[in-house]
Amino acid sequence: QVQLVESGGGLVQAGGSLRLSCAASGSIVSIGDMGWYRRASGKQRDLVATIATGGSTNYADSVKGRFTISRDNAKNTVYLQMNSLKPGDTAVYYCKAKIVPARSSWEYAYWGQGTQVTVSS
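Read on for an overview of the structure.

Reading the values: rules and limits
- Residues numbered from 1 in each chain as written.
- Predicted model: local features only at pLDDT ≥ 70, side-chain atom pairs only at ≥ 80, totals over all residues.
- Heavy atoms only, no water.
- Helix = DSSP H or I, 4+ residues; strand = E, 2+ residues; numbered from the N terminus.
- Rg over C-alpha atoms; globule rule 2.2 N^0.38 Å.
- Buried < 20%, exposed > 50% of the residue type's maximum accessible area, 1.4 Å probe, protein only.
- Contact = heavy atoms within 4.5 Å.
- Areas by Shrake-Rupley, 256 points an atom, 1.4 Å probe, with all protein chains shown as cover.
- Lys, Arg positive; Asp, Glu negative; His and termini not counted.
- Charge placed at Lys NZ, Arg CZ, Asp CG, Glu CD.
- Salt bridge = Lys/Arg side-chain N within 4 Å of Asp/Glu carboxyl O.
- Polar contact = N/O pair within 3.5 Å; in protein donor to acceptor, adjacent residues only side chain to side chain.
- Phe/Tyr/Trp six-rings, centres within 6.5 Å; stacked < 30°, edge-to-face > 60°.
- Lys NZ or Arg CZ within 6 Å of the ring centre and 35° of its normal.
- Pairing = 2+ DSSP bridges.
- Disulfide = S-S within 2.5 Å.

1. Concerning the overall build of the chain
Stage number 1. Within the chain one finds zero helices and eleven strands.
Stage number 2. Taking 121 residues into account, the globule formula puts the C-alpha radius of gyration at 14 Å, and the chain, at 14 Å, falls close to it.
Stage number 3. Over its C-alpha atoms, taken along the principal directions, the chain stretches across nearly 50 × 25 × 25 Å.
Stage number 4. Residues classed as buried in the chain amount to 39% of the 121 residues present.
Stage number 5. Taking contacts inside the chain between residues at least 6 apart in sequence as the whole, the part at least 24 apart equals 56%.
Stage number 6. Summing over all exposed atoms, the chain offers an accessible surface of approximately 6500 Å²; the carbon and sulfur share of this is 45%.
Stage number 7. For the chain, the distance from the average position of its 13 positive side-chain charges to the average position of its 7 negative side-chain charges is 2 Å.

Okay, here's the thing in structure tokens:
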């Protein structure tokens, strides 16, 4: 049974920083691309950043230069370092990972339950 668990969310003032973590656990054969998405209240879920197995990254324009995505393949964990936070960053942040579970040869997309990030002005 594969699951993703996010941590590190919280309340910060504008200009502050947070570091989110997302760990995959369970019976896993391999993990491909990983990423972070966010959903502000009343809005759709948008891509924040992605990182491929080899380390290539992609960022939404709104977070470029402020957020950094990284991963530790040995720990099946992806991170999101968020600096210079703005009130517009307030949202629930979700982790996504493409995973081949045990007893399978097919890659599936898995989602975490989300962690709240609130930035006050």
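And the narrative resumes.
2. Quick look at the environment of alanine 14
Stage number 1. With respect to the helices, strands and loops of the structure, alanine 14 is situated in the loop between β2 (10-13) and β3 (18-25).
Stage number 2. Measuring from C-alpha to C-alpha, the distance between alanine 14 and glycine 26 comes to 37 Å, with twelve residues separating the pair along the chain.
Stage number 3. When neighbours within four sequence positions are excluded, alanine 14 is seen to be in contact with Leu85, Pro87, Val119, Ser120 and Ser121.

3. Considering the side chain of arginine 71
Stage number 1. Its place among the elements puts arginine 71 in strand β7 (residues 67-72).
Stage number 2. Aspartate 33 provides the closest opposite charge to the buried, unpaired arginine 71, separated from it by 5.3 Å.
Stage number 3. In this structure the side chain of arginine 71 is engaged in a polar contact, spanning 3.2 Å, whose partner is the backbone oxygen of alanine 52.
Stage number 4. Polar side-chain contacts of arginine 71 include one of 2.6 Å to the side chain of asparagine 73.
Stage number 5. Filtering out sequence-adjacent residues up to four positions away, arginine 71 remains in contact with Ile31, Gly32, Asp33, Met34, Ile51, Ala52, Thr53, Thr77, Val78 and Tyr79.

4. Digging into the packing of aromatic side chains
Stage number 1. Summed over the entire model, instances satisfying the criterion amount to one aromatic pair.
Stage number 2. For the cation-ring pair, arginine 45 lies above tyrosine 94, with the distance from its terminal atom to the ring centre recorded as 5.0 Å.

5. Section: the pairing of β3
Stage number 1. Bridge analysis of strand β1 (residues 3-7) against β3 gives five bridges, and the strand direction is antiparallel. Counted as the bridge partner of glutamate 6 is cysteine 22 from β3.
Stage number 2. Pairing of β3 with strand β8 (residues 77-82), which is carried by six bridges, proceeds in the antiparallel orientation. The residue bridging leucine 20 from the neighbouring strand is leucine 80, located in β8.

6. A short note on the state of the cysteines
Stage number 1. The tally for this structure, following the rule as stated, stands at one disulfide.
Stage number 2. Note on cysteine connectivity: cysteine 22 is disulfide-linked to cysteine 95, with sulfurs 2.1 Å apart. One quick way to see it: the torsion about the S-S bond of cysteine 22 and cysteine 95 is about -85°, and its sign makes the bridge left-handed. Of the two residues, cysteine 22 sits in strand β3 while cysteine 95 sits in strand β9 (residues 91-101), which places them 73 residues apart along the sequence. Both residues of the pair, cysteine 22 and cysteine 95, count as buried.

Fair warning: the whole summary comes from geometry, so function is off the table for now.
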